[in-house]
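What the coordinates show
Here's the letter readout for the chains.
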Amino acid sequence: MFSADQRILITGASSGIGKAIALECVAQGATVLACARDVQRLEEARQASSAPDRWISLQRDFLEGMEEIPAWVRGIAQAHGKLWGLAHAAGEGVMDSLQGYDLASARRHFSLNFHTPCLLAQGFCDRRVGRKGGALLFIASAAAVYPEKGHLIYGAAKAALVAAAKSISQEVAPRGLRVHCLSPGIVDTPMEGRAEALMGPEYRQHQLQSYPLGFGRPEDVAHMAAFLLSEQAAWITGQNFVLDGGRY
Ligand SMILES: NC(=O)c1ccc[n+]([C@@H]2O[C@H](COP(=O)([O-])OP(=O)(O)OC[C@H]3O[C@@H](n4cnc5c(N)ncnc54)[C@H](OP(=O)(O)O)[C@@H]3O)[C@@H](O)[C@H]2O)c1
């Protein structure tokens, strides 16, 4: 549970996992600063939340003006007050291969899945921004730990994020800040829908067979995320939790 003065910046809040985390944090009493590119979808999510007055929508494309991200986070704290938490769920999927390795695609995915969360963390860990006791949460992927064919760039970028989170956790622990990674297997979101459209109708059935508890729902990730962001997880840091319905 949270109080209204526990402000949590959540990226990717217009869809899927990030939206579910934002809705759950609001339901548990926090104030969320919900970020994405599509303000219309953010507004719809705000209206659907249990307390729209504790939902502040912020528009940002993380692939533009990346070097300004730490200052942007500082500006949010100046405008709204110091932050308790930051959850980075903005991301894009990609299916790739060594044969089709594309440098522009690799740079894009490392920008969004690795450089952006590092720069967000740098902003959050500024003494003027992150509150003592608070937490950073990165949505990585089971592909970071168990990469399969087609996960060359995506799995590598998420694995780099998991490694960075461990290092950051040790750097900021003396300041009372925690750092977590959540690594989901397949979760039913629009991103997963796009992957299924690309891979064909057999893909979903084939993947489902290897998930003893079926695919995840965004809420399954959000419950764990809210716990890790909360004071109840005060003695947990530097860990990467795989959520996969028994897949691995
Ligand atoms: N779904 C899965 O099976 C699964 C499994 C493991 C890990 N994940 C990870 O979970 C995270 C969320 O995925 P999801 O499945 O919830 O996907 P989703 O439904 O497609 O949501 C992605 C979110 O990221 C935002 N976003 C994308 N590019 C952005 C950019 N350049 N700048 C700012 N915001 C951007 C999108 O908002 P706008 O379009 O409004 O900007 C949207 O809110 C991703 O990091 C993904 O890699 C997903």
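Preceding block: the structure.
What you are looking at is a predicted structure, and each value in this text was computed from that prediction instead of being measured.

1. A few points about the packing of aromatic side chains
In the structure shown here, the tally under the stated rule is 3 aromatic pairs. Here the aromatic rings of Phe62 and Trp72 are separated by 5.7 Å at their centres, their planes lie at 80°, and the arrangement is edge-to-face. On the criterion of sequence distance, the pair formed by Phe62 in the loop between strand E3 (55–59) and helix H3 (69–80) and Trp72 in helix H3 is long-range, its members being 10 residues apart. Here Trp72 falls in the buried class, since its relative accessible area comes to 17%. Plain terms: the ring middles of Tyr146 and Tyr248 are 4.2 Å apart, the flat faces sit at 5° to each other, and that makes the pair stacked. Here Tyr146 is found in the loop between strand E5 (130–139) and helix H5 (152–172), whereas its partner Tyr248 is found in the segment after strand E7 (239–243), with 102 residues between them in sequence. For Tyr146, a relative accessible area of 33% translates into the label partly exposed. Overall, Tyr248 belongs to the partly exposed group, its relative accessible area being 36%.

2. Here we look at the site of the ligand
Surrounding the ligand, one finds 31 residues, the nearest of these being Ser15, Arg37, Tyr154, Thr189 and Arg194. Note that an oxygen atom of the ligand is positioned 3.3 Å from one of the backbone N or O atoms of Gly91. At 2.8 Å, a side-chain N or O of Lys158 approaches an oxygen atom of the ligand. The fraction of the free accessible surface of the ligand (880 Å²) that becomes covered by protein chains is 95%. When contributions to the shell around the ligand are tallied by element, the ones reaching two or more residues are helix H1 (16–27), H5 and helix H6 (190–199). In terms of residue count, H6 provides more of the shell around the ligand than any other element does, 3 residues in total. In terms of residue class, the shell around the ligand is built from 16 nonpolar, 8 polar and 7 charged.

What counts and what doesn't
- Residues numbered from 1 in each chain as written.
- Predicted model: local features only at pLDDT ≥ 70, side-chain atom pairs only at ≥ 80, totals over all residues.
- Heavy atoms only, no water.
- Phe/Tyr/Trp six-rings, centres within 6.5 Å; stacked < 30°, edge-to-face > 60°.
- Helix = DSSP H or I, 4+ residues; strand = E, 2+ residues; numbered from the N terminus.
- Buried < 20%, exposed > 50% of the residue type's maximum accessible area, 1.4 Å probe, protein only.
- Near = heavy atom within 4 Å.
- Polar contact = N/O pair within 3.5 Å; in protein donor to acceptor, adjacent residues only side chain to side chain.
- Areas by Shrake-Rupley, 256 points an atom, 1.4 Å probe, with all protein chains shown as cover.
- Nonpolar A, V, L, I, M, F, W, Y, C, P; charged D, E, K, R; others polar.

The quantities given are spatial measurements derived from coordinates; they are silent on function.
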